[in-house]
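Breakdown of the fold
One letter stands for each residue in the lines below.
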Amino acid sequence: MKLEFEEERPIFIQIAEGIEDAILSQAFPEESQIPSITEFSVTYQINPATALKGINLLVEEGIVYKKRGVGMFVSKGAVQVLREKRKEQFYDRYIRTMVDEAKRLQLSPQDIVNLIERGFEG
Amino acid sequence: MNIKISVKYQFQDITRALIIFCGILLILILMLFIPGLQGTTNGLEISAFIFLFVIGLNTFKENFGMFLQNGVSRKTIFAGKLLSTCAVCAIMAVALVVLSNVAKLGIGYRDIQLGTLYEILYTERMASISPVLVVLENLLLLFCCCFAFMMVGYFITIAYYRMDKHWKLLISVGLPVLCFVLLPIVDTVLGGVIFLSILRVLMFATGLQFGSPYICMLSALAVTAVFSGLSWLLMRRAVVKN
Amino acid sequence: MSGIEIKQVSKRFGDVTALDHVNICFQKNKIYGLLGRNGAGKSTLLNVITNRIFADEGEVLVDGEPSVENDRVLRKIYLMSEQSYYPPGMKVKEAFQWSAEFYPDFDKGYAEKTASLFQLPTKKKIHDLSTGYQSIFKICIAMAVNTPYVLFDEPVLGLDANHRQLFYKLLIEKYSDSPSTIVISTHLIEEVANVIEQIIIIKNGRIIRDETTEELLSKGYTVSGNAALVDRYTAGRKLLGEDTLGGLKSAYLLGSVKKEEVPAGLEVSKLDLQKLFIQMTND
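Residues numbered from 1 in each chain as written. Chains lettered and ligands numbered in written order. Predicted model: local features only at pLDDT ≥ 70, side-chain atom pairs only at ≥ 80, totals over all residues. Heavy atoms only, no water.

Under the annotation held in an unreviewed UniProt entry, chain A carries the name GntR family transcriptional regulator and is attributed to Diplocloster agilis.

Before going further, it helps to spend a moment on the overall build of chain A. Looking only at helices and strands, one finds 5 helices and 3 strands in chain A. Element order for chain A, N to C, with α for helix and β for strand: α-β-α-α-β-β-α-α. Since a compact globule built from 122 residues should have a radius of gyration of about 14 Å, the 18 Å found for chain A marks it as more spread out than a globular shape. Across its three principal directions, the C-alpha atoms of chain A cover 55 × 30 × 25 Å. Taking all 122 residues of chain A together, the buried fraction comes to 33%. (Helix = DSSP H or I, 4+ residues; strand = E, 2+ residues; numbered from the N terminus. Rg over C-alpha atoms; globule rule 2.2 N^0.38 Å. Buried < 20%, exposed > 50% of the residue type's maximum accessible area, 1.4 Å probe, protein only.)

Attention now moves to the overall build of chain B. Broken down by element type, chain B carries 10 helices and 2 strands. In chain B, the order of α-helices and β-strands from amino to carboxyl end is α-β-α-α-α-β-α-α-α-α-α-α. Along the longest, intermediate and shortest principal axes, the C-alpha atoms of chain B span 60 × 55 × 35 Å. Taken across its 242 residues, chain B has 39% of its residues classed as buried. Expressed as a percentage of contacts within chain B between residues at least 6 apart in sequence, the contacts between residues at least 24 apart total 81%. About 12,900 Å² of surface is accessible on chain B, with carbon and sulfur atoms providing 75% of the total. Counting 17 positive and 9 negative side-chain charges, chain B places the centres of these two groups 17 Å from one another. (Contact = heavy atoms within 4.5 Å. Areas by Shrake-Rupley, 256 points an atom, 1.4 Å probe, with all protein chains shown as cover. Lys, Arg positive; Asp, Glu negative; His and termini not counted. Charge placed at Lys NZ, Arg CZ, Asp CG, Glu CD.)

Right, let's get into the packing of helix α1 (residues 2–30) of chain B against helix α3 (residues 61–69) of chain B. Residues and elements named next belong to chain B. Contact pair α1 / α3: the axes reach a minimum separation of 12 Å and the direction vectors enclose 150°. Classified by the angle between their axes, α1 and α3 sit roughly antiparallel to one another. As for how α1 packs across α3, the hand of that crossing is right-handed. Residues S6, Y9, Q10 and D13 of α1 lie in contact with α3, whose contacting residues are N63, M66 and F67. (Axes fitted to C-alpha atoms, helices over the stretch in contact; angles between N-to-C directions. Parallel < 35°, antiparallel > 145°, perpendicular 65-115°, else oblique. Left-handed = near helix turned anticlockwise from the far one by under 90°.)

All right, on to the interface of chain C and chain B then. Contacts between chain C and chain B engage 22 residues on the former and 27 residues on the latter. Across the chain C to chain B interface the summed buried area is about 2,500 Å²; carbon plus sulfur atoms make up 54%. In this assembly, chain C and chain B are joined by 2 salt bridges. Between K8(B) and E101(C) there is a salt bridge, with the nearest N and O atoms lying 2.5 Å from each other. Our count for the contact surface shared by chain C and chain B stands at 16 residue pairs in polar contact (both at pLDDT 80 or more). Here the element with the most residues in the side of chain C that touches chain B is helix α3 (residues 92–102) of chain C; it accounts for 3 residues. Residue classes in the side of chain C that touches chain B are distributed as 13 nonpolar, 4 polar and 5 charged. (Buried area = accessible area lost by both parts, 1.4 Å probe. Salt bridge = Lys/Arg side-chain N within 4 Å of Asp/Glu carboxyl O. Polar contact = N/O pair within 3.5 Å; in protein donor to acceptor, adjacent residues only side chain to side chain. Nonpolar A, V, L, I, M, F, W, Y, C, P; charged D, E, K, R; others polar.)

Glancing now at the interface of chain C and chain A. With 18 residues of chain C at the interface, the matching set in chain A holds 16 residues. Taken together, both faces of the contact between chain C and chain A bury some 1,500 Å²; the carbon and sulfur share is 51%. In this structure, the connection of chain C to chain A is made through 4 residue pairs in polar contact (both at pLDDT 80 or more). Looking at the side of chain C that touches chain A, the elements with two or more residues in it are α6 (161–177) and β14 (267–270) of chain C.

In the structure shown here, the tally under the stated rule is 25 aromatic pairs over all chains. Aromatic pair F49(B) and F149(B): ring centres 4.9 Å apart, planes at 10°, arrangement stacked. Taken together, the residues F49(B) in helix α2 (residues 44–57) and F149(B) in helix α7 (residues 131–162) connect sequence positions 100 residues apart. In this structure an aromatic cluster arises from ring pairing among Y9(B), F67(B), W98(C) and F102(C). (Phe/Tyr/Trp six-rings, centres within 6.5 Å; stacked < 30°, edge-to-face > 60°.)

Here we take up the pairing of strand β3 (residues 31–35) of chain C. Both faces of the sheet carry side chains from a regular strand, because those side chains alternate between them. Residue and element names in this part refer to chain C. Buried residues dominate β3, accounting for 5 of its 5 residues. Both faces of β3 are covered, namely the face carrying I31, G33 and L35 and the face carrying Y32 and L34. Bridging between β3 and strand β8 (residues 181–186) involves 5 bridges; their strand directions are parallel. Note that in β8 the partner of G33 across the bridge is I184. Pairing of β3 with strand β9 (residues 198–203) involves 4 bridges; the strand directions are parallel. Across the sheet, L34 pairs through a bridge with I200, a residue of β9. (Pairing = 2+ DSSP bridges.)

Moving on to the UniProt feature "domain: HTH gntR-type" (unreviewed entry) in chain A. Within this numbering scheme, the UniProt entry marks residues 9–77 of chain A as carrying the feature "domain: HTH gntR-type" (unreviewed entry). In residues 9–77 of chain A, helix accounts for 51% and strand for 14%; the two terminal C-alpha atoms are 27 Å from one another. (UniProt positions renumbered as here; feature names shortened; annotations may be inferred.)

It should be kept in mind that the predicted coordinates are not to be read in detail where pLDDT is low. Averaged over all residues, the pLDDT of chain B equals 89, while 93% of them reach at least 70. The ipTM for the predicted assembly is 0.90, set against a pTM of 0.87. (pLDDT = per-residue confidence, 0-100.)

Residue and element names in this part refer to chain B. Within the element layout of this structure, T116 appears in the loop between β2 (112–114) and α5 (117–121). Overall, the relative accessible area of 5% leaves T116 in the buried class. Apart from residues lying up to four places away in sequence, T116 is in contact with E45, S100 and N138.

Together, K61(B), R162(B), K165(B), K168(B), R236(B), R237(B) and K241(B) make up a region of like positive charge exposed at the surface. Within the element layout of this structure, R236(B) appears in the segment after α10 (213–235). (Patch = residues over 30% accessible without salt bridge, like charges linked within 9 Å, V, L, I, M, F, W, Y side chains within 5 Å.)

This is the structure we're talking about:
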């Protein structure tokens, strides 16, 4: 899991997203143990409270669960849940920004469709 | 709890210098065993007093910083200083008695004069009391004097620590001028009254006037008390310096 | 009440007011950043807390007890200061030994381990160490001392990039294993931004900010783009400062942003801590 913190969003959200990415890419498979709060905070040099806050987001969403005295694990079905969630975010994250940029460049919707098709071919 | 470490730290801080000092004295005394040497020696105690005075001068600043760094309060530092000084002075008193007796062995019947402070000051009393009592009184006397010299040194160093640049300069120049220039001039004008009275005070304070070492002990303790008190007053509000 | 409470503390040096009625509370087991420019009063505050100097007014309570001349309180705090108060002739390992005497919970093994990670020569005299290694020496003790309160005054002074990284790593490791109240006083904000939970900004002896890092970061934003557009937007808003580059302008604003109010063509981004800090502490 690689993280380069950006200034835009709070660190704890970026931590949560980093873990989500790792789950989606199977780096943290379902039912496997994920690193501890300490490991996260030491690796990324962040306050443990921040790491905890990020992971708690995932716990609340049922993507990660805690086993007392053992550690934290990726829930069964987490990948599916994440895919659904990410699809919803897809519009806000990528389409909106893309359309904004397209307007600046004076690209028509058809131009964009063409570009997208080119992207899938390549 | 903290007082123990305060005593320990301040005691160990002095031990090395103390051992070296006693070692040098011993070497000098052993030289008395070399045949053919002549002369007089009675500087044993005086040199010990000067040594402790200098030690007093050198045991404030570094220790103070170290203690504040390590969470020890000023009152605990000061209590530790008094207790560790007790130990050092007791050791010094015993060492001086032992060393002067070794020295006497070395002299034998040769033409060398050696007298301890006690023997010189209270010669008459010595003849009238038991030798054991002499040793005891001598030990007590040395202990009290050592303590006084140490605390005077300690006071001076704290006083300098608390003074700002201007005061330091004023005292460093003013005090010698006062003692060695002004006072003698005034004294000459007044016909020697001042030095005569200083001498009288000394005669009284050392107990020489009455031939009693106990008065000298009391005077030394009074000096110790006064300078310890003044040191504490200055140290109470002392702060770290860069 | 546990924690360190600083109540109405003032301190003057001659004509200079170093601390002006400072009120802060350092709560148990949190990491604080004490930020301020050089001479803002950071060191003075830390020296008052540890009773190395006396406050003119006000008091410092540690777990409810005043710190002045209080051995029980003073032993709970370790201040790693810029200035070294260890005897110059003392060797590093001797200082470790004495620390164990002064602080019963001092972990000598851990101090030695840290020293070897930093390649600190423990047989050398403190006096003979370089500036960077003097800092490292003090870091090694502060990390191993295990007091409930550890205060760092400019801890990374003279440390190279690798050693800084190592310091922050060890600090977080240590804090995760056994939490304590940590205060890091520094003017290098960016380095500590992710490590600290709460930020205290001090300016000319006064506390101007005391809030969580997140709160503070959400208090400001940057709007950039066409200078005329930016000016129109910033009119009537709380402007912290601005940078201009030709016809482009970046404006730093206080408050939270409502995206719908920002005209198209302007970009909104978060204000980073360094910028926020510089804008807030500028005279």
